[in-house]
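# Analysis of the macromolecular model
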Amino acid sequence: MEPTHGQESLSVVIPFFNEEGNAGQLIAELHDALEGLVMPWEVVAVNDGSRDATAEELDGSRRHFGRQVCVVNFARNFGQTAAMQTGIDRARGSLIVTMDGDRQNDPEDIPRLINYLIENDLDMVSGWRKDRQDDVIRRKLPSRVANRLIRQTTGVDVRDSGCSLKIFRAHTIKQVVLMGEMHRFTSAWVASVTDPSRIGEMAVTHRARTVGSSKYGLSRTTRVILDLVVVLFFMRFSRRPGHFFGTLGLASMAVSAALLMYTTIVLGASGQPLTTTPGFVIGISLLFISVQLLTAGVLAEILTRSGPSKAYPIRTETLNYEREWKRPE
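One pass over the structure, following the stated rule, counts two aromatic pairs. Ring plane angle 80° and centroid distance 5.2 Å describe the contact between Phe244 and Phe245, whose orientation is recorded as edge-to-face. Overall, the relative accessible area of 27% leaves Phe244 in the partly exposed class. The lysine or arginine in question, Arg159, covers the ring of Trp128, its NZ or CZ lying 3.6 Å from the ring centre.

Another aspect to go through is the side chain of Asn47. Residue placement: Asn47 occurs in strand E2 (residues 41-47). A polar atom in the side chain of Asn47 sits 3.0 Å from the side chain of Asn73. Apart from the residues within four sequence positions on either side, Asn47 is in contact with Phe16, Thr54, Ala55, Leu58, Val72, Asn73 and Phe74.

It is worth spelling out the packing of helix H1 (residues 23-34) against helix H2 (residues 54-65) at this point. H2 packs onto H1 with a crossing angle of 30° between their chain directions and a minimal axis gap of 8 Å. Here H1 lies roughly parallel to H2, going by the angle between them. Residues Ala23, Gly24, Ile27, Ala28 and His31 of H1 touch H2, and the partners they reach there are Thr54, Glu57, Leu58, Ser61 and Phe65. Counted by class, the contact of H1 with H2 contains five nonpolar, four polar and one charged residues.

Attention now goes to the pattern of salt bridges. In total, this model carries 14 salt bridges according to the counting rule given. For Arg63, the salt bridge is made with Asp59, and the minimal N-O distance between the two is 2.3 Å. Of this pair, Arg63 and Asp59 both sit in helix H2, four residues apart, which is roughly one turn of the helix. Looking at Arg63, the relative accessible area reads 61%, which means it is exposed. Take Asp59: its relative accessible area is 39%, and that puts it in the partly exposed class. Salt bridges here are not isolated pairs; linked through shared partners, they connect Glu8, Asp121, Asp123, Arg169 and Arg198.

With respect to topology, seven strands assemble into an open sheet ordered E3-E2-E1-E4-E6-E5-E7, the strand pairing being mixed. The two strands at the open ends of the sheet, each matched to only one other strand, are strand E3 (69-73) and strand E7 (199-203). Adjacent strand axes in the sheet meet at a mean angle of 20° when their direction is disregarded. Here five bridges tie strand E5 (residues 124-128) to E7, and the two strands are oriented parallel to one another. Looking at E7, one finds that Gly127 is bridged to Met202. Relative to strand E1 (residues 10-16), H1 is tilted by about 165°, and along the sheet it contacts E1, E2 and E3. Each of E1, E2, E3 and strand E4 (95-98) touches helix H3 (residues 80-90); the most contacted strand, E1, lies at about 155° to it.

Reading the values: the criteria
Residues numbered from 1 in each chain as written. Predicted model: local features only at pLDDT ≥ 70, side-chain atom pairs only at ≥ 80, totals over all residues. Heavy atoms only, no water. Phe/Tyr/Trp six-rings, centres within 6.5 Å; stacked < 30°, edge-to-face > 60°. Buried < 20%, exposed > 50% of the residue type's maximum accessible area, 1.4 Å probe, protein only. Lys NZ or Arg CZ within 6 Å of the ring centre and 35° of its normal. Helix = DSSP H or I, 4+ residues; strand = E, 2+ residues; numbered from the N terminus. Polar contact = N/O pair within 3.5 Å; in protein donor to acceptor, adjacent residues only side chain to side chain. Contact = heavy atoms within 4.5 Å. Axes fitted to C-alpha atoms, helices over the stretch in contact; angles between N-to-C directions. Parallel < 35°, antiparallel > 145°, perpendicular 65-115°, else oblique. Nonpolar A, V, L, I, M, F, W, Y, C, P; charged D, E, K, R; others polar. Salt bridge = Lys/Arg side-chain N within 4 Å of Asp/Glu carboxyl O. Pairing = 2+ DSSP bridges.

As structure tokens, this is what we get:
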């Protein structure tokens, strides 16, 4: 269904991977939950290379519900973030909801998320699984650790970054590119293109999984930490990479100077050969490292400034095209 001009419209993006028994039922639940909406809506289901009957269930849902269901089938498994990004790219609604395909998110929460976003004039609302129905060791513990790391390092006060049930304004989320395991950091990425005060959080229902098995566990904690480093770099230094490399280079140079001065004054006075002392070797090594870091910073600045200009995100603007341009006298 094409969005109607002049009003809000909704796209629900759902990645699926081996969710036989869940895919068809979730689409049916969504249809029941959204049937009363006054706005046009669609479901964008992305099958992330499932090896079971997920594709068949999604195809059956499309035949049953018609054009409101869009199905994208990956050639192989690329991961939840890739599937979510693909769905967001294909979404046509002015509002975009993302959710998991395991039926643990409740579609009945979507109208509440829409109302909360619109009434509070927000760009994003993240779901908070206040009463989470998951295994403590395999799911709750890793999630708690990851959420604390994300809050402390990004400064975005969202208690449950791992909850896939979120709603965004399309013009905001479409400025973000998700890769790796970055779907966990959408609140941080959105905070890089809009003010953090325009990001809200709402308690949502979390249901126990009844069909299939979880794809998450402790092993993902390492990937979350690595992706967090990337997020921090892009949030703080994407437009000024020279500051990042330059700070490291100057710090390395300062330590190098201190070590070389110490070894030259203290050990040189005693007559010991400087080249055989650990302090001298480490100082020289740090000096070379500092030069490399400073050079990398300069090159990064050149690449950033010589590439296509990056427009800063703009919410609205009013331009007076009626006034005649006149050169000052």
